[in-house]
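Descriptive analysis of the structure
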Amino acid sequence: MNHDLNRRGTQNRGAAERREQEFSPLTYRLCPRCLRAVPGHSPERYCVNDGTKLLSACPVCQAAILSPYTLFCAGCGRPFAAEP
Ligand SMILES: [Zn+2]
Ligand SMILES: [Zn+2]
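Residues numbered from 1 in each chain as written. Chains lettered and ligands numbered in written order. Predicted model: local features only at pLDDT ≥ 70, side-chain atom pairs only at ≥ 80, totals over all residues.

1. Observations regarding the nonpolar core
Looking at soluble globular proteins, one finds that nonpolar side chains tend to be buried together. Here is the rule we go by: For this entry, the nonpolar core is defined as buried Ala, Val, Leu, Ile, Met, Phe, Trp, Tyr and Cys residues connected by C-beta atoms within 7 Å. For every residue, the other C-beta atoms within 10 Å of its own C-beta are counted; 20 or more classify it as buried, 12 or fewer as exposed, and values in between as partly exposed. C-beta atoms are placed from the backbone. Note that contacts rest on C-beta atoms placed from the backbone: two residues are in contact if these are within 7 Å.
In this structure, Y28, L30, C31, L54 and I65 together form the largest nonpolar core, which totals five residues. Look past the residues within four positions of C31 in its chain and what remains in contact with it is R36, C47, N49, D50, T52 and L54.

2. So, unusual backbone geometry
Cut-off, in case you're wondering: Secondary structure is summarised from DSSP: a helix means a run of H or I of at least four residues, a strand means a run of E of at least two, and numbering begins at the N terminus for each.
Within the chain, L35 stands out as a residue other than glycine whose phi angle is a positive 60 degrees. When you line up the elements, L35 lands in the loop between β1 (28-30) and β2 (37-39). Accessibility expressed as a C-beta count within 10 Å gives 16 for L35, which makes it partly exposed. A positive phi angle, near 65 degrees, is found at Q62, a position not held by glycine. Take Q62: it is sitting in the segment after β2. With 11 C-beta atoms counted inside 10 Å, the residue Q62 sits in the exposed group.

Next comes the structure, spelled out in structure tokens:
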């Protein structure tokens with residue numbers, strides 16, 4: 001009895017998380033070396049061109065990356081390209 005209640009609670013939480021993702025804006029991850037962008041739901045965590053860890057948000061102000069053509073942070077203006 002208690003076990004059934006616990007399992008139902010877990011399922012409800014999962015459904016709520018899926019709804020939040022549907023309403024959140026589409027975000028991208030960006031390679032700071034070659035500026036290649038991948039969709040935020042992509043399983044890629046590292047750039048397949050150069051192995052650099054992709055940025056999922058601005059490392060300075062945490063603003064989300066909302067365009068695949070982003071070169072500068074929309075929140076603080078910092079360039080995403082890494083220093084050479
Ligand atoms: Zn890259
Ligand atoms: Zn920023």
